[in-house]
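Chain residues, written in single-letter form:
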Amino acid sequence: MSGTPLLLIEDDRDLGHMLVDLFTEQGYTVDLAPDGQRGLHLALSRTYNAMIIDRGLPTIDGVDLLRRLRGRGVTVPALVLTAFGSLEDRVAGLDAGAEDYLVKPFEIDELLARVRALHRRNLDQATLLPLGAGWLDPESHTVRLPTGEQVTLSGQECRLLCALASRPRQVHTRASLRQRVFDGARKESIVDTYVYYLRGKLGQRVVSTVRGVGYRLGEL
Ligand code: CA
């Protein structure tokens, strides 16, 4: 029986092989790509449940690679490994379409837990808001709840929900939401305010908070 397919894109030879052994022991089937170009090729030609992408890679940088994959419709959940711990670097990875990130050096147990969470998220897609099933009508700003009840949103509430729903598995930074939804607003706290409004109308779980980073679409 073959394991859960995982793509690891890591140019550090020792770390790469150590991680392959580790994940193989845990029941994954791992493909290791030693540079961005080979990672891109594998991610476009095979199916994976999760990807681990090193940020600093030869030929194509990890963030650029992820952006290209997302641009070509690859939605496999991704964790970016970054040697840089600054908020800006984390945000760059998330804005490129990563679901999660981990700063090097990391604890092995933490990496395993994060990858398990990515894998679960991949399986849990069905529990997300029922996208495309007519639940949200951007024209009339109405949301149909599972109970059949209709809730009317304001224009900005609706735009915020649409922005989150446009990439349902991605963490959206507050900065990117402010820019996309509240053009001209100076403070990122406007995003928090509208998340509060959405939760008031649609329930606490409609938007999940990713502490210190931003928000992700939740459940109805
Ligand atoms: Ca590297």
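Asker: What is the right way to read the domain arrangement of the chain from this model?
Answerer: In many reports, interface size means the accessible area that the parts give up when they come together. The domains assigned to the chain are domain 1 (4-125) and domain 2 (129-217). A C-alpha centroid distance of 27 Å is found between domain 1 and domain 2. Between domain 1 and domain 2, the residue contacts involve 15 residues of the former and nine residues of the latter. Here domain 1 meets domain 2 over a buried area of about 940 Å², counting both sides, of which 48% is carbon and sulfur. Our enumeration of links across domain 1 and domain 2 arrives at one residue pair in polar contact (both at pLDDT 80 or more). Within the residue set of the side of domain 1 that touches domain 2, elements represented by two or more residues are α4 (87-95) and α5 (108-123). Considered class by class, the residues forming the side of domain 1 that touches domain 2 number seven nonpolar, four polar and four charged.

Asker: Help me understand the coordination of the calcium ion, please; the structure alone is not making it clear to me.
Answerer: When a metal holds four donors in a tetrahedron, each ideal angle between them is 109.5 degrees; when it holds six in an octahedron, the ideal angles are 90 or 180 degrees. Each protein donor to the calcium ion is listed here as Asp11 (OD), Asp54 (OD) and Gly56 (O); together their distances run 2.1 to 2.3 Å. Its relative accessible area of 34% is what places Asp11 among the partly exposed residues.

Asker: I keep staring at the sheet that holds strand β11 (residues 214-217) and nothing clicks. Help me out?
Answerer: Note: strands within a sheet are paired through backbone hydrogen bonds, in either parallel or antiparallel orientation. Strands sit in the order β9-β11-β10 across an open sheet of three strands; the sheet is antiparallel. Since the sheet does not close on itself, it has two edges, and those belong to β9 (172-173) and β10 (207-210), each with one partner. Packed onto the sheet, helix α8 (residues 189-202) meets β10 and β11 and runs at close to 145° relative to β10.

Asker: In this structure, what is going on with the side chain of Glu157? I would like to understand it.
Answerer: Its place among the elements puts Glu157 in helix α6 (residues 155-166). Taking relative accessible area as the criterion, Glu157 reaches 6% and is therefore assigned buried. Dropping the residues within four chain positions of it, Glu157 is found in contact with Tyr194, Tyr197, Leu198 and Lys201.

Cut-offs used in this document
Residues numbered from 1 in each chain as written. Predicted model: local features only at pLDDT ≥ 70, side-chain atom pairs only at ≥ 80, totals over all residues. Heavy atoms only, no water. Domains from an automatic or database assignment. Contact = heavy atoms within 4.5 Å. Buried area = accessible area lost by both parts, 1.4 Å probe. Polar contact = N/O pair within 3.5 Å; in protein donor to acceptor, adjacent residues only side chain to side chain. Helix = DSSP H or I, 4+ residues; strand = E, 2+ residues; numbered from the N terminus. Nonpolar A, V, L, I, M, F, W, Y, C, P; charged D, E, K, R; others polar. Donors = N, O, S within 2.8 Å, 3.2 Å for Na, K, Ca; no water. Buried < 20%, exposed > 50% of the residue type's maximum accessible area, 1.4 Å probe, protein only. Pairing = 2+ DSSP bridges. Axes fitted to C-alpha atoms, helices over the stretch in contact; angles between N-to-C directions.

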